[in-house]
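The chain contents come next:
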Amino acid sequence: MRAVTGTGRRDRVPPHPDLRDIGLQQVLDALVDPVRRRIVAELWAADEDLACGTIELPVSKSTATHHFHVLREAGLVRQHYAGTSRMNALRREEFEERFPGLLRAVVTAHEGDAAG
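Keep in mind that this is a model prediction, so the values were computed, not measured.

1. Some details on the sheet that holds strand 2 (residues 77-82)
Here three strands make up an open sheet; going across it, the order is 1-3-2 and the pairing antiparallel. Edge positions in the sheet fall to strand 1 (50-51) and strand 2, since each has one partner strand and no second. In terms of strand pairing, strand 1 meets strand 3 (residues 85-90) through two bridges, oriented antiparallel. Bridged to Leu50 within strand 3 is Asn88. Strand contacts of helix 2 (residues 34-45): strand 1, strand 2 and strand 3, with the helix running at about 80° to strand 3, the strand carrying the most contacts.

2. Some words on the side chain of His16
Here His16 shows up in the segment before helix 1 (24-31). Within polar-contact distance, the side chain of His16 engages the backbone oxygen of Pro14 at 2.9 Å. Engagement of the side chain of His16 in a polar contact is seen with the backbone nitrogen of Gln79, the distance being 2.8 Å. Setting aside residues no more than four positions away along its own chain, His16 makes contact with Arg72, Val77, Arg78, Gln79 and Arg91.

3. Overview of the packing of aromatic side chains
Within a pair of aromatic rings, the relevant descriptors are the distance that separates the centres and the angle that separates the planes. Counted under the stated rule, the structure contains one aromatic pair. Cation over ring: Arg92 sits above Trp44, and NZ or CZ is 3.8 Å from the ring centre.

4. Side note on helix 3 (residues 61-73)
For helix 3, spanning 13 residues, the distance from its first C-alpha to its last is 18 Å, which sits close to the expected 18 Å at 1.5 Å a residue. Among the residues of helix 3, those classed as buried are Ala64, His67, Phe68, Val70, Leu71 and Arg72. Looking at the buried side of helix 3, the elements it contacts are helix 1, helix 2, strand 2 and strand 3. Once helix 3 ends, the next one or two residues include Gly75, with phi positive near 80°.

5. With respect to the nonpolar core
Grouped together as the largest cluster of nonpolar side chains are 28 residues, with contacts concentrated most on Ile39, Leu76 and Phe95. At the level of elements, helix 1, helix 2, helix 3 and helix 5 (102-115) are the ones that each hand at least two residues to this core. Considering every element that reaches this core, the biggest residue donor is helix 2, with six residues. Setting aside chain neighbours within four positions, we find Ile39 in contact with Ile55, Leu57, His67, Phe68 and Leu71.

Cut-off values and rules
- Residue indices follow the written sequence of each chain, beginning from 1 at its first position.
- Totals for whole chains, interfaces and linings use every residue, but because this is a predicted model, local features are given only for residues with pLDDT of at least 70 and side-chain atom pairs only at 80 or more, for both listing and counting.
- Calculation of side-chain values draws on the structure's entire complement of heavy atoms; hydrogens and water are dropped beforehand.
- We treat two strands as partners when DSSP finds at least two bridges between them.
- Put simply, DSSP H or I for four residues or longer makes a helix, DSSP E for two residues or longer makes a strand, and each gets a number counted from the N terminus.
- In what follows, a contact means two residues having at least one pair of non-hydrogen atoms within 4.5 Å.
- Note on definitions: angles span 0 to 180 degrees between N-to-C directions of axes, and those axes are lines fitted to C-alpha atoms, for helices only across the stretch in contact.
- Nitrogen and oxygen atoms within 3.5 Å of one another constitute a polar contact, given that in protein one can donate a hydrogen and the other can accept it, and given that sequence-neighbouring residues count only through two side-chain atoms.
- Between the rings of Phe, Tyr and Trp (Trp by its six-membered ring), a pair exists once the centres lie within 6.5 Å; its type follows the angle of the planes, with under 30 degrees stacked, over 60 edge-to-face, and the other angles tilted.
- In this analysis the charged atom, NZ for Lys or CZ for Arg, is taken to sit over a ring once it is within 6 Å of the ring centre and within 35 degrees of the ring normal.
- Given the number of residues in a helix, its expected span is that number minus one, multiplied by 1.5 Å.
- We call a residue buried when its accessible area falls under 20% of the maximum for its residue type, exposed when it is over 50%, and partly exposed in between, using a 1.4 Å probe and counting protein chains only.
- For this analysis, a nonpolar core means a set of buried residues of the types Ala, Val, Leu, Ile, Met, Phe, Trp, Tyr and Cys, connected via side-chain atoms within 4.5 Å.

As structure tokens, this is what we get:
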């Protein structure tokens, strides 16, 4: 029998970059994909953190995971687990401080594209 130290569980919060280390080009590269812009728009409109599976996307689950990873690496979303669900929140306030007006412009443009 093995002894378990501490709680015996791994930290399930993925690493998040410091936005001071994120450049505009990395953000724009992340936002060039329409699926990722859709995720950002959904999180912008949400009143609470959303599980990955609650956002309807026209891609497979593994591809959706990739898109969330790109957004996290670009500093756009913060992820944590609630039970077995990976929850996502837009880092709106932090992002507004680093890149003023950018998220609002992206979401507004995305909504205009979706309507037309």
